[in-house]
Amino acid sequence: MDLLPDREAGTVAAWLAERPGIEVVCRGRAPFFAEDARIGAPTAVQVADRFHLWRNLREAAERCVSRHRPCLRATFAESVPEKAPASAESGSPWPTGHRFADRTRAKHATVHALLAAGHSRRSIQRQLGMTYRTVQRLADAPRPEDLFQGQWQNRRTKLDDFKAHLHERWTEGCTNAWTLWEEIKTHDYTGGYGAVRAYLQPLRTSPTEPAARPPSPRTVTGWILTHPNTLPESERLKLKAVLAGCPELDALTGYVRAFRQMLTQLQGDQLPQWIKAVRADDLPSLHAFVNDLERDLAAVTAGLTLPWSSGVVEGHVNWIKMIKRQMYGRAGFGLLRKRVLLAS
């Protein structure tokens, strides 16, 4: 084991040439790594590391997903549900903001709070200055809506025939009550501006559901590259929706999963058929990935067939970078080499 000062072709090739017993060189995908191995160990078998192969596939898949970003927006575009007025939500014949309804609700809450505190009805009558019959009606009503009775209940208003138009214009972005009042006046509305403003007030104060935001290409790529058995149910359903709306991404998912099986099961003999299938499909980003594989086909096939992998080396690389940061550039390569080799 050794730590070289750089990765130039001459340095690596010279180090390999001094060790003629090397039989396998597991390396990354950069062309100069292949050239180093060819010069320094011409008889050794070159093996493309599976970690780098998978990373290259992820980059190609993300480019492919990015090309189909409109499909993601179309799949996750959801209309914001219309928010009905508070009266429809509560079942009350009067919405919040109605003078009689609000006054009745406030009195009902006050009376029931005093009853819960242990006050008698006669005591509540004296404290609130109400008649005993009024206190009795408020105390006996489980809900304030039970007291909403009389000539105004369920009575049609002049605005009823125009509520659908108001909701439609509201969802289109027109939220000015005066403008909407002027519009419905041209459609024979004879009521006043105050009624329109009061009807729209709950729409202003009630929160609206935000439109669903489509996932990023990187997120969708992560779903595609994750094994279906380990993908959370919510993400699996989202991926299913994406694939149902985009045949190209559905085909991409199939190719990625087939490549994963070759990589994990060491089925390198199936690589030519996989490349041929990708070539026959309309996926330019995967075509670029296939071109890169064919330029290094022998090493890639060995990487998908032989058990060798440089995964442990990648862990050491991160550890070495941590040591370099600890030294803050105050020491040279000699000290770094000693720290790495002696610690190992």
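Scroll up to find the structure.
Engineer: So what exactly am I meant to see when it comes to the packing of helix α3 (residues 50-67) against helix α4 (residues 69-76) here?
Structural biologist: Two quantities define a packed helix pair, namely the angle between the axes and the distance from one axis to the other. Running from N to C, α3 and α4 cross one another at 60°; their axes reach a closest spacing of 4 Å. Between α3 and α4, the angle falls in the class oblique. Along its contact with α3, which presents V65, S66 and R67, the element α4 presents R69, P70 and L72. Tallied by class, the residues present in the contact of α3 with α4 amount to three nonpolar, one polar and two charged.

Engineer: How do you make sense of helix α18 (residues 311-327) when you look at a structure like this?
Structural biologist: Taking 1.5 Å of rise per residue, 17 residues should cover 24 Å, and α18 covers 25 Å from first to last C-alpha, within 8% of that figure. Every buried residue of α18 is listed here: I320, I323 and M327. Down the axis of α18, the sector holding all buried residues measures 60°, keeping them to one side. Summarising the geometry of α18, the exposed residues directed more than 90 degrees from the buried face are N318 and R325. For α18, the elements touching its buried residues are α19 (333-343). Positive backbone phi, approximately 50°, marks Y328, located one or two places after α18.

Engineer: I'm lost on the packing of aromatic side chains in this one. Help?
Structural biologist: The description of an aromatic ring pair uses the distance of the two centres, along with the angle that the planes make with each other. Counted under the stated rule, the structure contains nine aromatic pairs. With a centroid separation of 5.0 Å and an interplanar angle of 55°, the aromatic rings of F259 and W274 are classed as tilted. Taken together, the residues F259 in helix α14 (residues 247-265) and W274 in helix α15 (residues 271-279) connect sequence positions 15 residues apart. Taken as a pair, F259 and W274 share a single burial class, namely buried. Joined through ring pairs, the aromatic side chains of Y255, F259, W274 and F289 make up one cluster. Positioned above the aromatic ring of Y132, the side-chain terminus of R122 is 4.0 Å from the ring centre. Lying across the ring of W181, K185 places its NZ or CZ 4.2 Å from the centre.

Engineer: How should the pairing of strand β1 (residues 24-27) be read in this particular structure?
Structural biologist: It is a general feature of regular strands that their side chains alternate between the two faces of the sheet. Burial along β1 is one-sided: V25 and R27 are buried, while V24 and C26, pointing the other way, are not. Where β1 lies against strand β2 (residues 45-48), four bridges are found, and the strand directions are parallel. Residue pairing across strands places R27 opposite A48, the latter belonging to β2. Running through helix α2 (residues 31-40), the crossover from β1 to the neighbouring parallel element β2 is right-handed.

Engineer: Would you mind going over helix α16 (residues 284-295) with me for this structure?
Structural biologist: Helical geometry: 3.6 residues make up each α-helical turn, so side chains three or four residues apart lie on a common side. Taking 1.5 Å of rise per residue, the twelve residues of α16 would be expected to cover 16 Å, and the 17 Å separating its terminal C-alpha atoms lies within 8% of that figure. Within the span of α16, buried status applies to S285, L286, H287, F289, V290 and L293. Close packing links the buried residues of α16 with α3, α14, α15 and α17 (297-303).

Engineer: Help me out: how do you make sense of the environment of N176 in this one?
Structural biologist: Structurally, N176 can be placed in the loop between α9 (163-171) and α10 (177-185). The spacing of N176 and L200 is 24 residues in sequence and 9.2 Å in space, taken between C-alpha atoms. Of the polar contacts made by the side chain of N176, one reaches the backbone nitrogen of T179; its length is 2.9 Å.

Criteria and cut-off values
Residues numbered from 1 in each chain as written. Predicted model: local features only at pLDDT ≥ 70, side-chain atom pairs only at ≥ 80, totals over all residues. Heavy atoms only, no water. Axes fitted to C-alpha atoms, helices over the stretch in contact; angles between N-to-C directions. Helix = DSSP H or I, 4+ residues; strand = E, 2+ residues; numbered from the N terminus. Parallel < 35°, antiparallel > 145°, perpendicular 65-115°, else oblique. Contact = heavy atoms within 4.5 Å. Nonpolar A, V, L, I, M, F, W, Y, C, P; charged D, E, K, R; others polar. Expected span 1.5 Å × (residues − 1). Buried < 20%, exposed > 50% of the residue type's maximum accessible area, 1.4 Å probe, protein only. Arc of directions from axis to C-beta. Phe/Tyr/Trp six-rings, centres within 6.5 Å; stacked < 30°, edge-to-face > 60°. Lys NZ or Arg CZ within 6 Å of the ring centre and 35° of its normal. Pairing = 2+ DSSP bridges. Right-handed = clockwise from strand over helix to strand, strands pointing away. Polar contact = N/O pair within 3.5 Å; in protein donor to acceptor, adjacent residues only side chain to side chain.

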